[in-house]
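Structural characterization, general
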Amino acid sequence: QVQLVESGGGLVQPGGSLRLSCAASGSIFSIYAMGWYRQAPGKQRELVAGITRGGSTNYADSVKGRFTISRDNAKNTVYLQMNSLKPEDTAVYYCYADITSTNDYGPSPYWGQGTQVTVSS
């Protein structure tokens, strides 16, 4: 069994900051790409940011310059530092990871349960 557990969501005023964390645990052999998606009410889930095992990153245009993704491979954890938050950043944020478990021959996508981020005054 592999699990992704997120933390760090909440309510913040416009212009504020939040840091999301997502820790992978369980029968993990190797973790490849990790990242964050978000889904606002009535909208499709969209990629926010991704990071490879080697540290290469990519971001949605809407968050470039405001959000920073990072990871700690020793802790199997990915982070999303969100600064200068806007009301349009309000969404449920989901972490994902491509993981090969000890029971598999190749990587499979795993998702966290989601954490709510609300930006409002």
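Everything here concerns the structure above.
I will try to describe carefully the structure that is included in this document. (Residues numbered from 1 in each chain as written. Predicted model: local features only at pLDDT ≥ 70, side-chain atom pairs only at ≥ 80, totals over all residues. Heavy atoms only, no water.)

1. Here's the deal with the pattern of salt bridges
- Applying the stated criterion across every chain, the model contains four salt bridges.
- For the salt bridge of Glu46 with Arg38, the shortest nitrogen-to-oxygen distance reads 2.7 Å.
- Taken together, the shared-partner salt bridges connect Arg38, Glu46, Arg66 and Asp89 into one network. (Salt bridge = Lys/Arg side-chain N within 4 Å of Asp/Glu carboxyl O.)

2. Focus on the sheet that holds strand 1 (residues 2-7)
- Taken together, four strands build an open sheet; the order of strands is 1-3-8-7 and the sheet is antiparallel. Two strands in the sheet have a free side with no partner beyond their single neighbour: strand 1 and strand 7 (67-72). Here the strands of the sheet are splayed against their neighbours by 15° on average, with no regard to which way each runs.
- In the sheet, strand 7 pairs with strand 8 (residues 77-82) via six bridges, with the strands oriented antiparallel. Directly across from Arg71, in strand 8, lies its bridge partner Val78. (Pairing = 2+ DSSP bridges. Helix = DSSP H or I, 4+ residues; strand = E, 2+ residues; numbered from the N terminus. Axes fitted to C-alpha atoms, helices over the stretch in contact; angles between N-to-C directions.)

3. Some details on the pairing of strand 4 (residues 28-39)
- Two strands pair when backbone bridges link them, and strand 4 and strand 9 (residues 91-101) are joined in this way by nine bridges, in the antiparallel orientation. Bridged to Met34 within strand 9 is Ala97.
- In terms of strand pairing, strand 4 meets strand 5 (residues 46-51) through five bridges, oriented antiparallel. The residue bridging Arg38 from the neighbouring strand is Glu46, located in strand 5.
- Counting the residues that bridge the hairpin from strand 4 to strand 5 gives six residues, and of these Gly42 lies at a positive phi of roughly 80°.

4. Describing the pairing of strand 8
- A large share of strand 8 lies buried, amounting to five of its six residues.
- The pairing of strand 3 (residues 18-26) with strand 8 spans six bridges and is classified as antiparallel. Bridged to Ala23 within strand 8 is Thr77. (Buried < 20%, exposed > 50% of the residue type's maximum accessible area, 1.4 Å probe, protein only.)

5. What to know about the nonpolar core
- Counting residues in hydrophobic clusters, the biggest one holds 30 residues, and the most contacted among them are Trp36, Leu80, Met82 and Tyr93.
- Elements that contribute at least two residues to this core include exactly strand 1, strand 3, strand 4, strand 5, strand 7, strand 8, strand 9 and strand 11 (115-119).
- By residue number, the principal contributor to this core is strand 9, which donates five residues.
- Excluding its chain neighbours within four sequence positions, the residues that come into contact with Met82 are Gly16, Ser17, Leu18, Leu20, Arg66, Phe67, Tyr93 and Val117. (Core = buried A, V, L, I, M, F, W, Y, C linked by side-chain atoms within 4.5 Å. Contact = heavy atoms within 4.5 Å.)

6. Regarding the packing of aromatic side chains
- Considering all chains together, one arrives at three aromatic pairs under this definition.
- Aromatic side chains Tyr37 and Tyr96 sit 5.3 Å apart centroid to centroid with 70° between the ring planes, which places their arrangement in the edge-to-face category. Taken together, the residues span a long stretch of sequence, with Tyr37 in strand 4 and Tyr96 in strand 9 at a distance of 59 residues.
- Residue Tyr96 is classed as buried on the basis of its relative accessible area of 14%.
- Here the aromatic rings of Tyr37 and Trp111 are separated by 5.2 Å at their centres, their planes lie at 65°, and the arrangement is edge-to-face. (Phe/Tyr/Trp six-rings, centres within 6.5 Å; stacked < 30°, edge-to-face > 60°.)

Just distances and angles here, no functional claims.
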